[in-house]
Amino acid sequence: MTKRSPLRLMLRRALGPAVLLIVMAIFGTYAVLGPNGARAYGDIKRQLSKRDVELAALKQKRAEWQNRVGLLDPKKADPDMVDELVRKKLNVAHPDDVILPMQP
């Protein structure tokens, strides 16, 4: 019967915990330095605030378009809006016409 060396036995016993520590270190590093990790939190927060500003602008634009659509309702169309669109589509305007942009 051959006798195993104590160094080889110690290395074999330490292999499992060493692999476990390496895996834990990889996951820990990913949790801190990964794309969704702790260091990326500030960047994500800045992107979110930027998107919130864009969302507010888009909501305002949507409300303006909904207002225009409401003014063109066939049951109760706004005569000024209809006149504006007809002149724009037909490219018909008198030389002395003054066009004022509508302010909501």
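A quick note: this is a predicted structure, and the numbers were derived from the prediction, not measured.

**Student:** Outline the overall build of the protein, supporting the account with residue identities and numerical values.
**Tutor:** Scanning the protein for helices and strands turns up three helices and zero strands. In the protein, the succession of α and β elements from N to C terminus is α-α-α. Taken against the 2.2 N^0.38 rule, which gives 13 Å for 104 residues, the C-alpha radius of gyration of the protein at 35 Å runs more than 25% over that of a compact globule. Over its C-alpha atoms, taken along the principal directions, the protein stretches across nearly 110 × 25 × 20 Å.

**Student:** I'd like to hear about the environment of K61, residue by residue, with values.
**Tutor:** Turning to its location among the elements, K61 is positioned in helix α2 (residues 41-71). Through-space distance from the C-alpha of K61 to that of A38 is 35 Å; in sequence the pair is 23 residues apart.

**Student:** Please give an account of the packing of aromatic side chains that cites residues and values.
**Tutor:** This model, assessed by the stated rule, comprises zero aromatic pairs. Geometry around W65 places R68 over its ring, the cationic atom sitting 6.0 Å from the centre.

**Student:** I'd like a description of the pattern of salt bridges, backed by residues and values.
**Tutor:** Summed over all chains, the structure comprises two salt bridges. A salt bridge links R51 to E54; the nearest nitrogen and oxygen atoms lie 3.6 Å apart. A residue pair is termed a helical-turn pair when its members lie 3 or 4 positions apart in one helix, as R51 and E54 do in helix α2 at three residues. Classification of R51 by relative accessible area gives exposed; the value is 52%. Residue class for E54 comes out partly exposed when judged on its relative accessible area of 35%.

The rules we used
Residues numbered from 1 in each chain as written. Predicted model: local features only at pLDDT ≥ 70, side-chain atom pairs only at ≥ 80, totals over all residues. Heavy atoms only, no water. Helix = DSSP H or I, 4+ residues; strand = E, 2+ residues; numbered from the N terminus. Rg over C-alpha atoms; globule rule 2.2 N^0.38 Å. Phe/Tyr/Trp six-rings, centres within 6.5 Å; stacked < 30°, edge-to-face > 60°. Lys NZ or Arg CZ within 6 Å of the ring centre and 35° of its normal. Salt bridge = Lys/Arg side-chain N within 4 Å of Asp/Glu carboxyl O. Buried < 20%, exposed > 50% of the residue type's maximum accessible area, 1.4 Å probe, protein only.

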